[in-house]
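# Notes for the structure review
Letter by letter, the chains look like this.
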Amino acid sequence: KFDYLEQKPAVITSVSPSKASIRTAATARVAVRNLPGTDAASDIAVQLVWSNVRNTSLQVLSVTRSDVRKQVYEMQEWYADVTTPVDVEEGAVTVRVIHRVFGAFVEL
């Protein structure tokens with residue numbers, strides 16, 4: 001016998017800073033919970049999505065797991081450091097984080 005455990009929903013817990021210049025690139029940190037972890041920046045994609053559905057992929061500089069004692073691909077908290085885009089449309093965006101290995105994603 002086994003008990004099926006329902007998966008907790010994935011969430012983006014923070015984006016810091018929450019605003020960035022569209023004239024100069026900066027580093028931002030996107031924190032995620034309940035997505036599989038990874039140690040490879042290449043496993044993760046981060047996109048900004050505007051209300052007109054246009055999106056821009058950000059350069060993922062690094063990924064850091066909050067608890068390195070957990071198995072790499074175990075559901076966990078982690079954060080990605082990204083470079084913000086330059087010369088893009090000004091306005092509010094949705095942040096999308098995609099785990100390329102599993103095809104899982106979350107938006108804020």
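Because the structure is predicted, anything quoted here is derived from the model rather than measured.

### Structural notes on the packing of aromatic side chains
Taken as a whole and assessed by the stated rule, the structure comprises one aromatic pair. Judged by centre distance (5.3 Å) and plane angle (80°), the rings of Tyr73 and Phe102 are edge-to-face. In this pair, Tyr73 is assigned in the loop between strand 4 (55-65) and strand 5 (75-83) and Phe102 in the loop between strand 6 (94-99) and strand 7 (104-107), connecting sequence segments 29 residues apart. Overall, the relative accessible area of 41% leaves Tyr73 in the partly exposed class. Take Phe102: its relative accessible area is 46%, and that puts it in the partly exposed class. We note Arg54 situated over the ring of Trp50; from NZ or CZ to the ring centre the distance is 4.8 Å.

### Focus: a nonpolar patch on the surface
A surface patch of nonpolar side chains, about 340 Å² in accessible area, is lined by Val72, Tyr73, Val101 and Phe102. Note on placement: Val72 falls in the loop between strand 4 and strand 5.

### Concerning the pairing of strand 4
The sheet contact formed by strand 3 (residues 44-49) and strand 4 spans four bridges and is antiparallel. Note that in strand 4 the partner of Val46 across the bridge is Leu58. Between strand 3 and strand 4, which pair antiparallel in sequence order, lie five residues; one of them, Val53, sits at a positive phi of approximately 75°.

What counts and what doesn't
Residues numbered from 1 in each chain as written. Predicted model: local features only at pLDDT ≥ 70, side-chain atom pairs only at ≥ 80, totals over all residues. Heavy atoms only, no water. Phe/Tyr/Trp six-rings, centres within 6.5 Å; stacked < 30°, edge-to-face > 60°. Helix = DSSP H or I, 4+ residues; strand = E, 2+ residues; numbered from the N terminus. Buried < 20%, exposed > 50% of the residue type's maximum accessible area, 1.4 Å probe, protein only. Lys NZ or Arg CZ within 6 Å of the ring centre and 35° of its normal. Patch = residues over 30% accessible without salt bridge, like charges linked within 9 Å, V, L, I, M, F, W, Y side chains within 5 Å. Areas by Shrake-Rupley, 256 points an atom, 1.4 Å probe, with all protein chains shown as cover. Salt bridge = Lys/Arg side-chain N within 4 Å of Asp/Glu carboxyl O. Pairing = 2+ DSSP bridges.

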